[in-house]
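Here is what each chain is made of, one letter per residue.
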Amino acid sequence: MKRQSTNQAGPWESFYGPNLGYIMEVYEVYQENPEEIDPELKELFDQWGPPAAVEREAGQSSPVTSLPAGNQDLGKIVAAVNLADNIRTYGHLAADIYPLNDREKDTRRIDLQEYNLTEEDLKGIPVEFICPQAPSEVRNGLDAINHLKKVYTSKLAYEIAHVHEMEEKSWLKEKIESGSVLTKSNKEQKLALLKRLSEVEGFEKYIHRTFVGQKRFSIEGLDNMVPLLDELVRYSVENGARTINIGMAHRGRLNVLAHVIGKPYEMIFAEFQHAPSKDLIPSEGSIGITYGWTGDVKYHLGADRKIGVSDTARARVTLANNPSHLEVVSPIVAGYTRAAQEERELKGSPKQNPETSYAIMIHGDAAFPGEGVVAETFNMSGLRGFNTGGSIHLIANNMIGFTTESYDSRSTKYASDTAKGFEVPIVHVNADDPEACLAAAVLAYEYRNKFSKDFVIDLIGYRRFGHNEMDEPMVTNPVMYNRITNHPTPRKIYEERLISEGIVTQEEAAKMEKDIEDTLKAAYEKVPTKDENPDIVMNPPEDVTNGFPKIDTSVDFDQLRGLNDELLQWPEGFTPFKKLEKILQRRGGVFAGKGKIDWAHAETLAFATILKEGTPIRLTGQDSERGTFAQRHLVLHDHETGKEMIPLHQLKDSNASFSVFNSPLTETAVVGYEYGYNVFAPETLVLWEAQFGDFANTAQVMFDQFISAGRAKWGQKSGLVMLLPHGYEGQGPEHSSARVERFLQSAAEFNWTVANCSTAGQYFHILRRQAAILQKEEVRPLVIMTPKSLLRNQFAAVTAEELANGQFHSVLEQPGLGDNAEKVERIVLTSGKMAIDLEENLKGKEGLDWVHILRVEELYPFPKSDITEIMKRYPNLNELLWVQEEPKNMGGWTFAESRLRDIAPEGVTVKYAGRRRRSSPAEGEPIVHKKEQSRIISEALTR
């Protein structure tokens, strides 16, 4: 029976149908004489009042069940109802969910004697009071209690008490208690399941024998993960899913690649044998596997599989590449999924359809509670900028970390408890029971599809070997591994079960194993011999090393002016904040020579031109809608109603979507999400903005493992843009440096662009260049040190002509200097805000014809040739001086020094001016900062 959800009904919201009728009858007694009813119920009535009215569906009735004839003991009925509710709430503590049977079951809360009940007491209570959804064979209260114990304490156990939304909880209870979760399998399905388990086990054993001592991080002990994933894929595709994105760490990954993704055995064997494998990709192209030039170990690699659904529809299953950093792939596959769900071909916000795509995130039991990115990803799951209609989480629960027992790795009972705070349903399933695992898969997908929320399957098994196959677990975990050694495999357990059911014979099962081994041997025979002369140079492809193609980023002046006018038009009836409106309307005069274009204005115009040219844009970050420094205002709010309006959604003739979202106070997960979105939607200009540049510290693993190295390891291209506010304004060490040195340290093989622009025009053109290369082989991520104080600085502002007719320059020369070539003795090289500080200090100074200033706008790739050509103009040059505001061991100096020495003409020295080496990025006292900044500028401009 469905009922309307309410958060005001207190304890009565868990009663409906006959149970509610009973409570209403008792309430009538309470009104006449409160002392006659059970004290517990009296207390509830005192506190909460009468039971809430329940709206019935049209055309349905819910008759009130009267008390049983002759039954005067209301306390027995209340006790029975409490017992039933406690079975629902605590049944998992007594469930048969541990294959090794090494955990004591807690039955205290579900034993009859705890409630002063006997079996005879229960027999006299109608089923409807205890379990209205019970199947027809349940005849009385005792049957009902036994039925509840059976469904809540079996090999599939449930935790749903923390799910407070009543519609969800009622749906889950009905599914569980009606018995519809565990459906009967026919003979063919059971034989197919046995075959799949035989393939899973046979694959692991064959590798173990054939490649002795090599790591594979086997799935053994959690073998049923593969048929569980099979069932999820099958069921979801039959119900309309067209893209399934899987993220997992290394445990069991090879088996998932082989059996769920369909990567040929011979390709995997070739990787073990260090033999060439690219020629073994199936000719029909059903497996999409990409390689970088440096590669990665086999248990980090991903792949794509296309599944034929019908003559016209096909589904894509992707296993994302992932390093050993366990959980960091979760937000990445969430980003994949959002990208797959959205249509970006029309102006306005993208059109999202969550039914077309979903993510399966496979976690380790130690990592799920241990890694903060798990909670970050859960927190994003319900946010408008990041929701994907629910992900399915699968905990591959070995009940152990590397060598660390569960009691040393978490403070909670279950590995899954992190999910409870997000009101996500959890099922615990015994990994030795394949049919229970399949039932969990179907329930998870049905719930996700109905309620658009995450679901957790805690697959509880064990790890047959050590952390890797060269590790001896008996050294640290002897009790557990004595049990494991004597425990039959999941395939063996299921085989014996099917033999006992008469579905298969011992001989047929043995033949099944033999056929699988023959298949594995045949695949191994296809593997080429070991490559004795591998490529040890591992150069990137020419498309990467050739640099950027020639790209015209200019825009017709009249078109730019027209876009500017469109951006300043509000819909009829929209009333922006007056002060802001006045500021924005000033932008209208710049095309008539009134004022200049500042940083945020140039950015908005860049976005408008990019959208006009058909490239979708997605921008997220903490406070990015307005801008951390109140500079951007891409989202306007009606001053009276609060209604939002995005001017970039109103551009005429635009055929690309635009979205901007304030992100949660999270870096790791959001950066990973945006990287995943960009990888899956390569035609989209995706930007992530840090609130302050140093916040990128918290996402360091994403930069190190994915953004900087993903193409070299896996051939995974990305054009992600990272905006990192950077600049020393005396605000202390925390919000000064975006740690440009860390991005430069990882800069090699044209893996990304690192820029520190000094003008709004440079920013405009580098954004347009990035958008233009998104779908080219030359694409690469872009890291920009964006400004804070320069956002409104007129020295950084530009004219409209510079946007319309300009282009991005890797090196900018300081106007007014360097004109007398014979006199120039020193070239100062700097970047970003320091260049503007120097320019401001040139004002009123004379006699500076001996110095020239070059702004290195693009730090990587380092513009050696541009600087060299400029130096050739100055025959009396004797000094190159690198000037920066960061300490000497930070900033660009440590990267630029060797490159400057390489190109410095004979007799020209290379020197440094800036802060000395420091452990902290900046001073904490603004007066000290100003004095240091003044010293550096004086040193740069003084002979």
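For the chain, an unreviewed UniProt entry supplies the name 2-oxoglutarate dehydrogenase E1 component and the organism Rossellomorea vietnamensis. Regarding the chain, the relevant UniProt record gives this comment under Cofactor (unreviewed entry): "thiamine diphosphate".

Before going further, it helps to spend a moment on the confidence of the model for the chain. For the chain, per-residue confidence averages 91 on the pLDDT scale, and residues scoring 70 or more make up 94% of the total. In this model, residues 1–9 is a region of pLDDT below 50 whose contacts with residues beyond four sequence positions or in other chains number 22 contacts. In the model, residues 52–64 has pLDDT below 50 throughout and makes 18 contacts with residues more than four positions away in sequence or in other chains.

We now examine the packing of helix α8 (residues 187–210) against helix α9 (residues 225–238). Viewed as axis vectors pointing N to C, α8 and α9 meet at an angle of 125 degrees, and their least axial separation amounts to 9 Å. Taken together, the axes of α8 and α9 lie oblique to each other. As for how α8 packs across α9, the hand of that crossing is right-handed. Contacts between α8 and α9 pair Leu193, Arg196, Leu197 and Val200 from the former with Val226, Pro227 and Asp230 from the latter. Of the residues in the contact of α8 with α9, the class split is five nonpolar, no polar and two charged.

Once that is clear, we can look at the layout of surface pockets. Gaps between atoms show up when a probe of the same size as a water molecule is rolled over them. Quantified by volume, the largest pocket comes out at close to 1200 Å³. Elements represented by at least two residues in the lining of the largest pocket include exactly α6 (141–152), β1 (156–159), α7 (166–177), α8, α9 and α15 (434–451). Looking at the lining of the largest pocket element by element, the count peaks at seven residues for α15. Its residues placed into classes, the lining of the largest pocket shows 16 nonpolar, eight polar and 15 charged. Its volume calculated, the second largest pocket comes out at about 820 Å³. Surrounding the second largest pocket, 23 residues form its lining, Ala275, Ser277, Lys278, Tyr291 and Gly295 being those nearest its centre. Residues that form the lining of the second largest pocket fall into these classes: nine nonpolar, six polar and eight charged.

Our next topic: the pattern of salt bridges. In total, this model carries 65 salt bridges according to the counting rule given. As a salt-bridge pair, Arg216 and Glu220 come within 2.6 Å of each other at their nearest N and O atoms. We note that Arg216, like Glu220, is buried. Here Glu879 and Lys911 are joined by a salt bridge, their closest N and O atoms 3.4 Å apart. Here Glu879 is found in strand β24 (residues 879–887), whereas its partner Lys911 is found in strand β25 (residues 909–915), with 32 residues between them in sequence. Three or more residues joined by partner-sharing salt bridges are found here, namely Glu201, Lys205, Arg491, Lys492, Glu495 and Glu513.

With that out of the way, let us pick up the sheet that holds strand β22 (residues 851–856). Spatially, the five strands line up as an open sheet ordered β20-β22-β21-β24-β25, and their pairing is mixed. Two strands lie at the open edges of the sheet, namely β20 (811–813) and β25, each paired on one side alone. Between one strand and the next, the sheet's axes are offset by a mean angle of 25 degrees, whatever the strand orientation. Pairing of strand β21 (residues 826–830) with β24, which is carried by four bridges, proceeds in the parallel orientation. Within the sheet, the bridge partner assigned to Arg826 lies in β24 and is Glu879.

A separate point is the domain arrangement of the chain. By a widespread convention, an interface's size corresponds to the accessible area lost as its parts come together. Assigned domains of the chain: these are domain 1 (18–48), domain 2 (74–156), domain 3 (187–272 + 319–342 + 361–526), domain 4 (599–634 + 656–798) and domain 5 (814–941). Once you take the C-alpha centre of each, domain 2 and domain 4 turn out to be 56 Å apart.

Core analysis: the biggest nonpolar cluster contains 121 residues, and Ile130, Met225, Phe269 and Ile457 have the highest contact counts within it. Dropping the residues within four chain positions of it, Met225 is found in contact with Ile219, Met248, Val256, Ile362, Leu394, Ala396 and Leu459.

What follows deals with the sheet that holds strand β19 (residues 782–786). Strand order in the open sheet made by the seven strands is β15-β12-β16-β17-β19-β18-β23, with mixed pairing throughout. Looking at which strands have only one partner, the edges of the open sheet turn out to be β15 (658–662) and β23 (858–860). Across this sheet, the average inter-strand angle for adjacent strands is 20 degrees, counted without regard to direction. Summarising the sheet, strand β16 (residues 685–689) and strand β17 (residues 721–725) pair through three bridges and their orientation is parallel. The partner of Leu687 across the bridge, within β17, is Val721. Its contacts with the sheet put helix α27 (residues 760–772) on β16, β17, β18 (753–755), β19 and β23, and the angle it makes with β19 is roughly 165 degrees.

Parameters at a glance
- Residues numbered from 1 in each chain as written.
- Predicted model: local features only at pLDDT ≥ 70, side-chain atom pairs only at ≥ 80, totals over all residues.
- Heavy atoms only, no water.
- UniProt positions renumbered as here; feature names shortened; annotations may be inferred.
- pLDDT = per-residue confidence, 0-100.
- Contact = heavy atoms within 4.5 Å.
- Axes fitted to C-alpha atoms, helices over the stretch in contact; angles between N-to-C directions.
- Helix = DSSP H or I, 4+ residues; strand = E, 2+ residues; numbered from the N terminus.
- Parallel < 35°, antiparallel > 145°, perpendicular 65-115°, else oblique.
- Left-handed = near helix turned anticlockwise from the far one by under 90°.
- Nonpolar A, V, L, I, M, F, W, Y, C, P; charged D, E, K, R; others polar.
- 1 Å grid on protein atoms, 1.4 Å probe; cavity = no way out; pocket = protein on both sides within 12 Å on 5 of 7 lines; lining within 4 Å.
- Points joined across faces, edges and corners; volume = space filled by probe spheres on them.
- Salt bridge = Lys/Arg side-chain N within 4 Å of Asp/Glu carboxyl O.
- Buried < 20%, exposed > 50% of the residue type's maximum accessible area, 1.4 Å probe, protein only.
- Pairing = 2+ DSSP bridges.
- Domains from an automatic or database assignment.
- Core = buried A, V, L, I, M, F, W, Y, C linked by side-chain atoms within 4.5 Å.

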